[in-house]
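Listed here are the chains, written in short residue letters.
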Amino acid sequence: MHGSLSANAQLIRELSEGGKQLPASVRCGVCVPFPYLAQVSQLLEGSEFLWGAQDLSAHTQGAYTGEVSAPMLNDFGSTWVLVGHSERRQMHAEDSELVAQKAQQAISHGLIPVVCVGESLQEHEDGLALDVIRQQLAPVLALGVEQVDKIVIAYEPIWAIGTGLTATPEQAQSVHAYIRSLLVEIGADHVYILYGGSVKPDNAASLFDMPDIDGALVGGASLDAKDFLAIATVSA
């Protein structure tokens, strides 16, 4: 929940300009707070960047005050939408069934849902990370391969978000490999899996060197155009 019209204008200009220098193999997007979708869609139109939102409703329309629907996101040319971010799960009590409903809603309206999963510090220390990931992904994988093929998964260990802590490349890879194995079981082995958790220019290369880490869900570093573009360049 960052941004203002003036701050956005500067950040998006810098990203758009820097995006012209990125290798063609790099695919970048920004997921912004709802009130700024109109501004960002106008500023990024014709650029190398795609855009989207940080959440959406599980409903298409109706008496759901305060919610934002997939068709509304479509109106602003959105490509991406985050679902199940750890802050939504923790602060808004969103369970994995609801996350799967939101993912399906996004898919049905042509959006690419980035389904976020990850364990807390206590779960991590108790050795429960893989169990937590399996439980969080179960309702999504139950949608079937045809639907799952249209999503992106982001592994974001909660203990590494905004804390300055980062999973080692080997720790992240072990979880990504497990997620990949779950995807392979249903025939969706080509789904992209991103890592999110204090990704910065100085640790991005070692993370991207891992075989099952396909990219990054960038948090704090996305507020600095130079840092974000450096991460994007490393990912090529």
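Keep in mind it's a predicted model, so treat the numbers as computed, not measured.

What follows concerns the side chain of Q39. Locating Q39 in the fold gives a position in helix α2 (residues 37–44). Relative accessible area serves as the criterion here: at 15%, Q39 is assigned to the buried category. Non-local contacts of Q39, meaning those with residues more than four positions away in its chain, are made with S4, L5, N8 and A9.

Take the UniProt feature "binding site: substrate" (unreviewed entry) in the protein chain next. Summarizing the sequence annotation, UniProt attributes the feature "binding site: substrate" (unreviewed entry) to G162, S198, G219 and G220 in the numbering used throughout. The named residues occupy 59 residues along the chain; their greatest pairwise C-alpha distance, 7.6 Å, places them in one compact cluster. With respect to the helices and strands, S198 occurs in the loop between β6 (193–195) and α10 (201–208). The exposure class of S198 is buried, given its relative accessible area of 15%. If we skip the residues at most four places from it in the chain, S198 touches A160, I161, G162, T163, G164, L165, T166 and N203. Here A160 takes part through its backbone oxygen, which lies 2.8 Å from a polar atom of the side chain of S198. Within the fold, G220 resides in the loop between β7 (215–216) and α11 (225–234).

So, about the pattern of salt bridges. On inspection of all chains with the given rule, the structure shows eight salt bridges. The salt bridge partner of K20 is E17, with a shortest N-O separation of 3.3 Å. Residue classification places K20 among the exposed positions, given a relative accessible area of 55%. We note a salt bridge from K102 to E94, for which the minimum N-O separation is 2.8 Å. Exposure remark for E94: the relative accessible area of 7% places this residue in the buried category. Via salt bridges that share partners, D55, R88, E94 and K102 belong to a single interconnected network.

Criteria and cut-off values
Residues numbered from 1 in each chain as written. Predicted model: local features only at pLDDT ≥ 70, side-chain atom pairs only at ≥ 80, totals over all residues. Heavy atoms only, no water. Helix = DSSP H or I, 4+ residues; strand = E, 2+ residues; numbered from the N terminus. Buried < 20%, exposed > 50% of the residue type's maximum accessible area, 1.4 Å probe, protein only. Contact = heavy atoms within 4.5 Å. UniProt positions renumbered as here; feature names shortened; annotations may be inferred. Polar contact = N/O pair within 3.5 Å; in protein donor to acceptor, adjacent residues only side chain to side chain. Salt bridge = Lys/Arg side-chain N within 4 Å of Asp/Glu carboxyl O.

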